[in-house]
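# Remarks on the overall topology
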Amino acid sequence: MNHRPTPPGQSGCVCAACWHVFNSPSAFDKHQPRGTCADPEQLGMVMLREHQGRPVWGLSRRTDLPARTEEAA
Ligand SMILES: [Zn+2]
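Cut-offs applied
- Residues numbered from 1 in each chain as written.
- Predicted model: local features only at pLDDT ≥ 70, side-chain atom pairs only at ≥ 80, totals over all residues.
- Helix = DSSP H or I, 4+ residues; strand = E, 2+ residues; numbered from the N terminus.
- Contact = placed C-beta atoms within 7 Å.
- Pairing = 2+ DSSP bridges.

Within an unreviewed UniProt entry, the label attached to the protein reads Phage FDXHR zinc binding domain-containing protein, and the organism entered is Streptomonospora arabica.

If you want it as structure tokens, here you go:
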């Protein structure tokens, strides 16, 4: 499923299953390659910042820029 909940005022994605926060849909997809949660740290993701006390995970520090607006489509 491509269910990607987005927190208000935030371009990232929150996993509804484990509440990990991701900075992009692509990072979220990597977290759930087959609809099952994977540990972002084991996937090689990096903690970019904190959002409301929770770590925000990204594929790498270079992809922390909200360059694309695919969520708006
Ligand atoms: Zn998850």
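Still more ground to cover, so stick around.
## A few points about the overall build of the protein
A tally of helices and strands in the protein yields 1 helix and 4 strands. Order of helices (α) and strands (β) in the protein, N terminus to C terminus: β-β-α-β-β. Contacts spanning at least 24 positions in sequence make up 38% of the contacts within the protein whose residues lie at least 6 apart.

## Some thoughts on unusual backbone geometry
A positive phi angle, near 70°, is found at Trp19, a position not held by glycine. Notably, Gln52 is not glycine yet its phi reads approximately 55°, a positive angle. Mapping Gln52 onto the fold places it in the loop between strand 3 (46-51) and strand 4 (54-58).

## Focus: the environment of Ala16
Its location among the elements puts Ala16 in the loop between strand 1 (13-14) and strand 2 (21-22). The sequence separation of Ala16 and Cys37 amounts to 21 residues, and the corresponding C-alpha distance is 10.0 Å.

## Re the pairing of strand 4
Pairing geometry for strand 2 and strand 4, over 2 bridges, is parallel. In the strand pairing of strand 4, Phe22 is matched with Trp57. Bridge count for strand 3 against strand 4 is 5 bridges, and the pairing is antiparallel. Note on strand 4: the bridge partner recorded for His51 is Arg54.

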